[in-house]
Amino acid sequence: GIMVMTSQPSTGSLQEAVQKIKEQGYSHIIGLPIATGLSSTMNGMKLACDMLEMPVTLVDTKGTASNQKYLVEVAAKLAGEGKSPEEIKEILEKLVEDSATIIMVPNLEHLKKGGRITPAAALLGGMLKIKPILQIQGEKLDSFAKTRTMARGTKIMKEAIAKDIKERFDDDYHNVHICVAYTYDEAPALELKKELEALYPGENIICDPLSLSVSCHIGPHSLAIAICKKI
């Protein structure tokens, strides 16, 4: 019965993080915050780095936890290979362009209160027994479809992702990083993972719980599929 809220990291906590990085001998930071349309964290990261005179390269992930995690892993790999911050930014921004996330939520109560959906998506909120399916569009969550059952919802999500893979990657799914994400309920996520593995044999489909900072805005019993171009 309690609506859990979040706030972006304080400037002080971000400065502490930057200071620790400086003390470890690093000379440049690459920051990959959650979509700027969902949070102002990017501005806070820039302010903290500017105050401590730490060079920073920022990339808007235009997404949430799953793709953001993958982009961080890619950035670390590229840095380890000796790529410059400018080269890393260029590669990451191309990956962001070839990414997509689709989410099914039990209702829009949490998202409406947090103001993180478009007006079009908010209109679905008054419909009874409807499970809205949303997509990250223009850095906000926008309406994609609606359904009454989980089974129908996962079918719509799989069809949407298949269409994206066909249009973006010429049906070459081996070139796509695919992740299933969930809040609270792991069982339906594992079932969806199994279905995707059957559709895309040979691929390592990731299944992760969504971070709490994202989960509390979409509520329990949510399910998502995120894709991103592989590096």
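In case you missed it, the structure is sitting above this.
The model shown is predicted, which means the values in this text are computed figures rather than measured ones.

(A) Structural view of the overall build of the protein. Looking only at helices and strands, the protein features nine helices and eight strands. Taken over the C-alpha trace, the protein has a radius of gyration of 18 Å; the compact-globule value for 231 residues is 17 Å, and the two agree within 12%. Along the first, second and third principal axes, the C-alpha atoms of the protein reach 55 × 45 × 30 Å. A fraction of 72% describes how many contacts in the protein between residues 6 or more apart in sequence connect residues 24 or more apart. Across the protein, the 27 positively charged side chains and the 29 negatively charged ones have centroids separated by 7 Å.

(B) The arrangement of the packing of aromatic side chains in detail. Under the counting rule described, the total for this entry stands at one aromatic pair. Between the aromatic rings of Tyr173 and Tyr200, the centroid separation amounts to 5.2 Å while the plane-to-plane angle is 55 degrees, which identifies the pairing as tilted. Taken together, the residues Tyr173 in the loop between helix 7 (150-169) and strand 6 (176-182) and Tyr200 in the loop between helix 8 (186-199) and strand 7 (206-209) connect sequence positions 27 residues apart. Neither residue differs from the other here; Tyr173 and Tyr200 are each classed as buried.

(C) Region of interest: the pairing of strand 3 (residues 99-104). Within strand 3, six of the six residues are buried, which leaves it mostly tucked inside the rest of the structure. Of the two faces of strand 3, the one lined by Ser99, Thr101 and Ile103 and the one lined by Ala100, Ile102 and Met104 are each fully buried. Of the strand pairs in this sheet, strand 3 and strand 8 (residues 223-229) are connected by six bridges, and their pairing is antiparallel. By the bridge assignment, Thr101 is partnered in strand 8 with Ala226.

(D) Summary view of the packing of helix 3 (residues 65-80) against helix 4 (residues 85-97). In contact at an axis separation of 10 Å, helix 3 and helix 4 are set at 150 degrees when each is read in the N-to-C sense. Put simply, helix 3 runs roughly antiparallel to helix 4. Crossing angle aside, the handedness with which helix 3 passes helix 4 is right-handed. On the side of helix 3, the interface is formed by Leu71, Val74, Ala75, Leu78 and Ala79, while helix 4 contributes Ile88, Ile91, Leu92, Leu95 and Val96. In terms of residue class, the contact of helix 3 with helix 4 is built from 10 nonpolar, no polar and no charged.

Cut-offs applied
- Residues numbered from 1 in each chain as written.
- Predicted model: local features only at pLDDT ≥ 70, side-chain atom pairs only at ≥ 80, totals over all residues.
- Heavy atoms only, no water.
- Helix = DSSP H or I, 4+ residues; strand = E, 2+ residues; numbered from the N terminus.
- Rg over C-alpha atoms; globule rule 2.2 N^0.38 Å.
- Contact = heavy atoms within 4.5 Å.
- Lys, Arg positive; Asp, Glu negative; His and termini not counted.
- Charge placed at Lys NZ, Arg CZ, Asp CG, Glu CD.
- Phe/Tyr/Trp six-rings, centres within 6.5 Å; stacked < 30°, edge-to-face > 60°.
- Buried < 20%, exposed > 50% of the residue type's maximum accessible area, 1.4 Å probe, protein only.
- Pairing = 2+ DSSP bridges.
- Axes fitted to C-alpha atoms, helices over the stretch in contact; angles between N-to-C directions.
- Parallel < 35°, antiparallel > 145°, perpendicular 65-115°, else oblique.
- Left-handed = near helix turned anticlockwise from the far one by under 90°.
- Nonpolar A, V, L, I, M, F, W, Y, C, P; charged D, E, K, R; others polar.

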